[in-house]
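Overview (structure and organization)
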Amino acid sequence: MKTQFNFSSANELYTIVSPLNSIIITDKNIARNYEALMQPFRKIVLDDGEQEKSFETLSYILEQLIKLEADRTTTIIGVGGGVITDISGFAASIYMRGIPFGFVPTTLLAQVDASIGGKNGVNFNHFKNLIGVIRQPDFILVDTHFLSTLSETDYHSGLAEIVKYGMIYDKELFHLVQTNADKILNKDNELLETIIRKCTEIKNNIVERDEFETNERKILNFGHTIGHAIERIENIPHGFAVSIGMVAASRLSEIHAGLSPTVTSQLTDLLMKFSLPVVSKTDPDIILSNLKMDKKRRGEVIDFILLKDIAQPVIMSIKPAEILSFQKS
Ligand SMILES: NC(=O)c1ccc[n+]([C@@H]2O[C@H](COP(=O)([O-])OP(=O)(O)OC[C@H]3O[C@@H](n4cnc5c(N)ncnc54)[C@H](O)[C@@H]3O)[C@@H](O)[C@H]2O)c1
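Anyway, here's the lowdown on the structure attached to this text. (Residues numbered from 1 in each chain as written. Predicted model: local features only at pLDDT ≥ 70, side-chain atom pairs only at ≥ 80, totals over all residues. Heavy atoms only, no water.)

**Section: the pairing of strand S7 (residues 127-134)**
Pairing of strand S6 (residues 119-124) with S7, which is carried by 5 bridges, proceeds in the antiparallel orientation. Each bridged residue has a counterpart across the sheet, and for Phe124 the counterpart in S7 is Phe127. Adjacent in sequence and paired antiparallel, S6 and S7 are bridged by 2 residues, among which Asn125 carries a positive phi angle near 50°. (Pairing = 2+ DSSP bridges. Helix = DSSP H or I, 4+ residues; strand = E, 2+ residues; numbered from the N terminus.)

Rendered as structure tokens:
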């Protein structure tokens, strides 16, 4: 099923879904900042943070949906960052075997990445996104004005995913971001909208061609294999962990895919310009034991997304020990 994208003011939400027959799932920060927007809708308000992406919270949402008498005609609207879009999409996908849902992503990361592509789920036993489904939202409404209330940390976290799209898919986008880094840091709205549209197009096109990640979609995991392990261990924002993961993947690409070290330097400089971390504080052995539980592991090897050059990704099977030796070098 195709997702309908709307780039407009969130105040238009009621023109896409009727407040009478829909329920917003959001978190307390967004509910507080955007009270007027949500006023006509029934709401389920969660605490914020990654720890909410759990079975306990899912169970709470399902109880609330029963209390609010949600039925198969009810539309769930996840209004929030990636935590809210991931869990509300999952709740909508399993309640009554699946009811309609859409997203209003309110973080930069959710606008360019988490809300798109239909991966919905929760964490389980400290493993990220271990339990979930792939089911596409009916609509996504992107409004860049949400970014004005976002914390600097969360804004910078989203920039990492934008850099990723340039690295894996679009040299021009990488150079646009590189040459306009200051404008981006100053949240130039026109430029941001151009970049966000570009990123949503890239992800949406890839997902349309390979929804269930049998091939091309895997390239979106650039930086995420090591990134997810670090995110679990260090409890840092998703984009921060992906930033460290991309630099690691870029170094591995020099060894295994012939990437020029100049590209790694360009990547590292851009990430540092965006105040993103580029090295992990964690002992490589601890990262390794976490990598063994990665969803991309197949027996003794892990599928890694490496680069031959900017916008030239390759999928390579690498043994965890090789990753370890690289981390120690
Ligand atoms: N499904 C996918 O394809 C996919 C892709 C990438 C990331 N993710 C997931 O997304 C999650 C991270 O998402 P995130 O970075 O958006 O973090 P988040 O959802 O935890 O939001 C970060 C913080 O920003 C606050 N917030 C959100 N919007 C705000 C606004 N407009 N103004 C003020 N505060 C606001 C939230 O309350 C929260 O405290 C992770 O769980 C990650 O696994 C999923």
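**Regarding the site of the ligand**
Looking at the ligand, there are 26 residues lining it, with Asp27, Asp48, Glu50, Thr107 and Thr149 nearest. The contact in question runs from a nitrogen atom of the ligand to an N or O atom on the backbone of Lys119, over 2.9 Å. Look at the ligand: alone it shows 870 Å² of surface, and the protein chains cover 91% of it. Elements that contribute at least two residues to the shell around the ligand include exactly helix H2 (28-33), helix H5 (82-94), helix H6 (108-114) and S7. Among the residues making up the shell around the ligand, the classes are represented as 7 nonpolar, 9 polar and 10 charged. (Near = heavy atom within 4 Å. Polar contact = N/O pair within 3.5 Å; in protein donor to acceptor, adjacent residues only side chain to side chain. Areas by Shrake-Rupley, 256 points an atom, 1.4 Å probe, with all protein chains shown as cover. Nonpolar A, V, L, I, M, F, W, Y, C, P; charged D, E, K, R; others polar.)

**Concerning the pairing of strand S4 (residues 75-80)**
The element S4 is largely enclosed, with a buried count of 6 among its 6 residues. Residues Thr75, Ile77 and Val79 point to one face of S4 and Ile76, Gly78 and Gly80 to the other, with burial holding for every one of them. Of the pairings in the sheet, the one linking strand S2 (residues 22-27) to S4 comprises 5 bridges and is parallel in character. Its bridge partner lying in S4, Ser22 is registered against Thr75. Where S4 lies against strand S5 (residues 101-105), 5 bridges are found, and the strand directions are parallel. Bridge assignment links Gly80 to a residue of S5, and that residue is Pro105. For the handedness criterion, the β-α-β arrangement of S4, H5 and S5 is classed as right-handed. (Buried < 20%, exposed > 50% of the residue type's maximum accessible area, 1.4 Å probe, protein only. Right-handed = clockwise from strand over helix to strand, strands pointing away.)

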